[in-house]
Amino acid sequence: MRATIEDLNGKQPSFGDCIARAVSFLLPTFAIALLVGLGVGLGFILLIVPGIMLALRLSVAVPALVQERLGVFGSMARSHDLTKGSRWALFGLFIILIIIAIAIELALGTATALFGGGIVGAVVDALVTSVTSMVMSIATAVSYVELRQVREGTSVDELAEIFS
């Protein structure tokens, strides 16, 4: 989140500072992931659509946690408020990203299987998973920034000031 906001602000994010922030929010992020995962999983059991709706409502909970320091439940409530009225756009964004990720994973998975798989396949799979996770995290952070700009008129500069 910090790296994305600083980059959007035209600054060079510090690797050490980003790691320090990540470590300080590790447990609350895990708590959000666990609660969202349980809720979305239950929603998927209840006919899939409730799971998708909950996932979209809570899609920017982690950026809200890191940026606004609202705690686990406050961040989830903030995400619910920020995504209101923009969930179809978020749905479209995440569907496109998921389709691209699946296509890349299938293409690379097929290519590595043709060349013997094994360790090369495992390394390629790990790299693809890492890149996919990174892209999804960046998309989530950018979505958070955009939602704040649209709903509150908050600029990237104002968001970056929080970290100073």
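Procedures and definitions
Residues numbered from 1 in each chain as written. Predicted model: local features only at pLDDT ≥ 70, side-chain atom pairs only at ≥ 80, totals over all residues. Heavy atoms only, no water. Helix = DSSP H or I, 4+ residues; strand = E, 2+ residues; numbered from the N terminus. Phe/Tyr/Trp six-rings, centres within 6.5 Å; stacked < 30°, edge-to-face > 60°. Buried < 20%, exposed > 50% of the residue type's maximum accessible area, 1.4 Å probe, protein only. Patch = residues over 30% accessible without salt bridge, like charges linked within 9 Å, V, L, I, M, F, W, Y side chains within 5 Å. Areas by Shrake-Rupley, 256 points an atom, 1.4 Å probe, with all protein chains shown as cover. Salt bridge = Lys/Arg side-chain N within 4 Å of Asp/Glu carboxyl O. Lys, Arg positive; Asp, Glu negative; His and termini not counted. Polar contact = N/O pair within 3.5 Å; in protein donor to acceptor, adjacent residues only side chain to side chain. Contact = heavy atoms within 4.5 Å.

Trainee: Got a minute to help me understand the overall build of the chain in this structure?
Mentor: Scanning the chain from terminus to terminus reveals nine helices and zero strands. In the chain, the succession of α and β elements from N to C terminus is α-α-α-α-α-α-α-α-α.

Trainee: I tried to follow the packing of aromatic side chains on my own but got confused; where do I start?
Mentor: Each aromatic ring pair is summarised here by two numbers: the centre-to-centre distance and the angle between the ring planes. This structure, assessed with the given rule, holds one aromatic pair. Between Trp88 and Phe91, the aromatic rings sit 5.8 Å apart at their centres with planes inclined by 90 degrees, giving edge-to-face as the arrangement. With Trp88 and Phe91 both in helix H7 (residues 87-114) and three residues apart, the pair spans about one turn of that helix. Judged by its relative accessible area of 28%, Phe91 falls in the partly exposed class.

Trainee: Looking at this structure, how should I read a nonpolar patch on the surface?
Mentor: A cluster of nonpolar residues, Ile96, Ile100, Ile104 and Leu108, forms a patch on the protein surface that exposes about 340 Å² of accessible area. You can see Ile104 is positioned in helix H7.

Trainee: Sorry, what's going on with the side chain of Arg87 here?
Mentor: Tracing the backbone shows Arg87 in helix H7. No salt bridge forms around the buried Arg87; measuring N to O, its nearest opposite-charge neighbour Asp81 is 6.8 Å away. In this structure the side chain of Arg87 is engaged in a polar contact, spanning 3.1 Å, whose partner is the side chain of Thr83. Discounting chain neighbours no more than four positions away, the residues touching Arg87 are Leu56, Arg57 and His80.

Trainee: Is there a simple way to think about the environment of Glu105 in this case?
Mentor: Along the chain, Glu105 turns up in helix H7. Separated by 20 residues in sequence, Glu105 and Asp125 place their C-alpha atoms 7.5 Å apart. Residues contacting Glu105, with those up to four places away along its chain left out, are Val128 and Thr132.

Trainee: When you look at unusual backbone geometry in this model, what are you seeing that I'm missing?
Mentor: Peptide bonds are trans in most cases, and residues, glycine excluded, mostly fall at negative phi. A positive phi angle, near 95 degrees, is found at Leu47, a position not held by glycine. Topologically, Leu47 is positioned in the loop between helix H3 (26-45) and helix H4 (49-57). One non-glycine residue, Arg69, adopts positive backbone phi at about 55 degrees. Considering the arrangement of structural elements, one finds Arg69 in the loop between helix H5 (61-68) and helix H6 (71-83). With a relative accessible area of 42%, Arg69 lands in the partly exposed category.

Worth remembering: the numbers are spatial, not functional.
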